[in-house]
Protein chains: 2
Amino acid sequence: MISPQVLPDKKVTFRYLARSAKEVKLGGSQFGAANVPMIKDSMGIWSVTVGPIRPDIYPYSFIVDGVTVMDPANEDYFPNERFKASLVDVTGFTPTVHAMQDVPHGSVNYEYYPSVQGTTGSLVIYTPPGYDKEASKKYPVFYLISGTTDTEETWFKVGRTNLILDNLIAEGKAKPMIIVMPYGNIEARIAAQKGGAKPADPMGRESADAMRRMRGFEEDMIKNIIPYVDKNYRTIANKDNRAIGGFSRGGGQTLRTAFWNMDKFSWICCYSAYLPPAEMDSAFKSVVENPDATNKQLKMLWVSIGNEDFLYNDTAAFLNYLASKKINYKSLVTGGGHTWMNTKVFLAETAQLLFK
Amino acid sequence: MISPQVLPDKKVTFRYLARSAKEVKLGGSQFGAANVPMIKDSMGIWSVTVGPIRPDIYPYSFIVDGVTVMDPANEDYFPNERFKASLVDVTGFTPTVHAMQDVPHGSVNYEYYPSVQGTTGSLVIYTPPGYDKEASKKYPVFYLISGTTDTEETWFKVGRTNLILDNLIAEGKAKPMIIVMPYGNIEARIAAQKGGAKPADPMGRESADAMRRMRGFEEDMIKNIIPYVDKNYRTIANKDNRAIGGFSRGGGQTLRTAFWNMDKFSWICCYSAYLPPAEMDSAFKSVVENPDATNKQLKMLWVSIGNEDFLYNDTAAFLNYLASKKINYKSLVTGGGHTWMNTKVFLAETAQLLFK
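Residues numbered from 1 in each chain as written. Chains lettered and ligands numbered in written order. Predicted model: local features only at pLDDT ≥ 70, side-chain atom pairs only at ≥ 80, totals over all residues. Heavy atoms only, no water.

Visitor: When you look at the overall build of chain A in this model, what are you seeing that I'm missing?
Guide: Helix and strand counts for chain A stand at 10 helices and 17 strands. The dimensions of chain A, computed from C-alpha atoms along their principal axes, are 70 × 45 × 45 Å. Across the 356 residues of chain A, 59% fall into the buried class. The long-range share in chain A, meaning contacts at least 24 apart out of those at least 6 apart in sequence, stands at 74%. Summing over all exposed atoms, chain A offers an accessible surface of approximately 14100 Å²; the carbon and sulfur share of this is 52%. Here chain A holds 40 positive side-chain charges and 37 negative ones, and the gap between their average locations is 2 Å. (Helix = DSSP H or I, 4+ residues; strand = E, 2+ residues; numbered from the N terminus. Buried < 20%, exposed > 50% of the residue type's maximum accessible area, 1.4 Å probe, protein only. Contact = heavy atoms within 4.5 Å. Areas by Shrake-Rupley, 256 points an atom, 1.4 Å probe, with all protein chains shown as cover. Lys, Arg positive; Asp, Glu negative; His and termini not counted. Charge placed at Lys NZ, Arg CZ, Asp CG, Glu CD.)

This is how it looks when you write it as structure tokens:
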């Protein structure tokens, strides 16, 4: 039994074996209709064919008598703290920028580092093709943060960071760089390692609790992660060769960490996130009141969002605010929502601009 | 909501939120009774406390109205081609050999390599602490293969290869080594990359189909994997510094690959697997008919198995056969069955013997 099966016309058939189930639906609306009913055959295999689907990688699940499950026949999964989803890769008629292609490949390293409060943190680190071959060559570094409920693996397993960079580097479109993917929810890690309960998400993106956690992440980044990476990898350890970026909560962590530390990052990539003008006015006064200095300090401030993203309006307000303050930025508005399909587009676009 | 919650006395509470489910059971019998009923509270949270459980890492799942699901509250999963299981880590009163401890850590690298039929294979590679620090130091290599339906991630995520080695190396009990974890089911990868159906498992461990696949794996190991690793890592590229080992189907791949290539590996670690005496007689005549030469060629032939393993009788027969042929071996019989709890024990035992 194959599931999912991507057909030549980019329709996709999903199958699930459950002889005694009463109702099975295809969950995951990100490629079309939500909760599509599946039909059982005489062998007890439920199936449905949907599409044609626009080539991309999508999460999905099955809803079996009301219970959401991953596809047992598919080992590609979405690393996440909370939901369980499988991934379907609808390959392009010609290879997409995130496709495995016959080009030199970098490597992806799982590393531990000494983090806050005596805990051990983990990082997923992409090194570009040839990194191990040229023992004296040094590289710029892009710190790339995932979103709420994502893990440090999500940019690799869902965002395909490594393949996107492999392909862009092979085409000469991106500079070879190291990409460091941390875990954004360090409170959960502290709880796990110290035996406490995993804390709930903050009530509100700009609540006091959220801001306290933002500071905790920033502290870990500045005091632990960057020094660890600069010590253990061949980095060009200066501001102009250091970028920070992130998706969703990671975008908020990106903006705040960068604005709190204007001496640390020259490149900022904010994907599907924003800061409220009121916070900009109060917390980042020196950034907004001296646009000439800010524009000189930053080689790029990038903000991108899908026009169906639930954060679209706030992000548009943020961009208009930046313009009103004469702070330079680059922006991109795509179709689609607050999804990992969009993060791949944003990464592919910004990777071509960084460190140039 | 915390799930699973390991209590101080090593009992474990599992929780699952499902307001409208009619029946929820704890699946996964590897730490005790199978299919333990869970009880719903007024909030719709089903729970059960079991144990005390012997400290180890165990797979488990929930059975919700007959549907097997992973624990949505737990991000630790068992990488597998077919079943979906979460992992519970019942930590020891003192740290186990696979526990995260405050010792120098190696790193785990995900790599692509050019494999058979133009496909791209993936490897998970452990490098010991300090590997990146001593640019001229070379290391022995242990090729370590997982079992049927496992992926190249299973030895890392379930077997904790990296933490076991970090701990043993820190204690001076194991030599620093590189460990290369390939994917054992290359037919599935070929199908995935060439667009075919994933082949079913062979009918029978010693069927013609199984043997053809064993040869395919061996070819990939000898022609592609070892040359890739020797080219891209600082290996001591000779027989006495090369070990091969594996669990279950990986144990069969280990024995056959080693016996087909007596010039390539001096160290053989077979976990929960065996070869039939009839196959030894016919396929490996030169190995069994010249025990003195074999004993000289091999620095270690290790075979270990749990006394409740469904392969126990065949493995006992294999060991008695080796003894009758005067081929030296080391063996270990533990309690327990054909499980990843046992693989960790076997790895920890053999890692202390290799390359000494």
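Visitor: What is the right way to look at the sheet that holds strand β2 (residues 12-17) of chain B in this model?
Guide: Whether parallel or antiparallel, the strands of a sheet pair through hydrogen bonds between backbone atoms. All names here are of chain B. Taking strand neighbours across the sheet as the criterion, the 4 strands line up as β1-β2-β6-β5 in an open arrangement whose pairing is antiparallel. The open sheet has two edge strands, β1 (5-6) and β5 (39-40), and neither has a second partner. Both β2 and strand β6 (residues 45-50) contribute to a ladder of 6 bridges, which runs antiparallel. If you follow Y16 over to β6, its bridge partner there is W46. (Pairing = 2+ DSSP bridges.)

Visitor: Please clarify how the interface of chain B and chain A should be interpreted in this entry.
Guide: Listed as interface residues are 37 residues of chain B and, on the opposing side, 38 residues of chain A. Among the residues of chain B in contact with chain A, E75, Y110 and Y112 of chain B are the three that bury the most area, contributing 20% of the side total. Here chain B and chain A share 2 salt bridges between them. One salt bridge in this structure joins E153 of chain B and K157 of chain A, with 2.7 Å as the shortest N-O distance. At the boundary of chain B with chain A, the tally comes to 13 residue pairs in polar contact (both at pLDDT 80 or more). Contributions of two or more residues to the side of chain B that touches chain A are made by β8 (67-69), β10 (107-114), α1 (154-157), α2 (161-170) and α4 (208-232) of chain B. (Buried area = accessible area lost by both parts, 1.4 Å probe. Salt bridge = Lys/Arg side-chain N within 4 Å of Asp/Glu carboxyl O. Polar contact = N/O pair within 3.5 Å; in protein donor to acceptor, adjacent residues only side chain to side chain.)

Visitor: What should I look at first to understand the pattern of salt bridges in this one?
Guide: Where side chains of opposite charge bring their charged atoms close, a pairing between them can arise. Applying the stated criterion across every chain, the model contains 28 salt bridges over all chains. A single salt-bridge network, built from bridges that share partners, covers D209, R212 and R213 of chain A.

Visitor: How should the nonpolar core be read in this particular structure?
Guide: The tendency in soluble globular proteins is for nonpolar side chains to be buried side by side. Counting 70 residues, the largest nonpolar core has F142, L165 and Y271 of chain A together with F142, L165 and Y271 of chain B as the members making the most contacts within it. Among residues more than four places away in sequence, those in contact with Y271 of chain A are F142, L144, W155, G246, F247, S248, W302, S304, F346, L347 and T350 of chain A. (Core = buried A, V, L, I, M, F, W, Y, C linked by side-chain atoms within 4.5 Å.)

Visitor: Hey, could you run me through α2 of chain B in this one?
Guide: Residues that lie three or four places apart on an α-helix share one face, since the helix turns once every 3.6 residues. Residue and element names in this part refer to chain B. Along α2, 9 of the 10 residues are buried, which leaves the element largely enclosed by surrounding structure. The complete set of buried residues in α2 reads T161, N162, L163, I164, L165, D166, N167, L168 and I169. Residue G172 follows α2 closely and has a positive phi angle near 75 degrees.

Visitor: Where do I start with the environment of I236 of chain B in this structure?
Guide: Residue and element names in this part refer to chain B. Turning to its location among the elements, I236 is positioned in the loop between α4 and β14 (242-247). By relative accessible area, I236 is classed as partly exposed at 28%. Taking C-alpha positions, I236 is 20 Å from D220, a pair spaced 16 residues apart along the chain. Aside from chain neighbours lying at most four places away, what touches I236 is K138, Y139, P140 and N241.

Visitor: Mind showing me how you'd approach the sheet that holds strand β5 (residues 39-40) of chain A here?
Guide: Strand order in this open sheet of 4 strands is β1-β2-β6-β5 (chain A), and the pairing throughout is antiparallel. Sheet topology places β1 (5-6) and β5 of chain A at the edges, where each strand pairs with a single neighbour.

Visitor: Would you mind going over the packing of α2 of chain B against helix α10 (residues 340-351) of chain B with me for this structure?
Guide: How two helices pack is summed up by the angle between their axes together with the distance between the axes. Residues and elements named next belong to chain B. At a minimum axis distance of 10 Å, the contact between α2 and α10 shows a crossing angle of 35 degrees. The hand of the α2/α10 crossing is right-handed. Between α2 and α10, the residues in contact are T161, I164, L165 and L168 and K344, L347, A348 and A351, respectively. When the residues that make up the contact of α2 with α10 are grouped by side-chain class, the tally is 6 nonpolar, 1 polar and 1 charged. (Axes fitted to C-alpha atoms, helices over the stretch in contact; angles between N-to-C directions. Left-handed = near helix turned anticlockwise from the far one by under 90°. Nonpolar A, V, L, I, M, F, W, Y, C, P; charged D, E, K, R; others polar.)

Visitor: How should I be thinking about the packing of aromatic side chains in this particular structure?
Guide: The geometry of two aromatic rings is summed up by the distance between their centres and the angle between their planes. All names here are of chain A. Inspection of every chain in the model, using the stated rule, returns 38 aromatic pairs over all chains. Pairing F78 with F83 gives two aromatic rings, centres 4.9 Å apart and planes at 70 degrees, and the pair type is edge-to-face. Residue class for F78 comes out buried when judged on its relative accessible area of 6%. On the basis of relative accessibility, which here comes to 38%, the residue F83 falls in the partly exposed class. (Phe/Tyr/Trp six-rings, centres within 6.5 Å; stacked < 30°, edge-to-face > 60°.)

Purely geometric numbers; function is a separate question.
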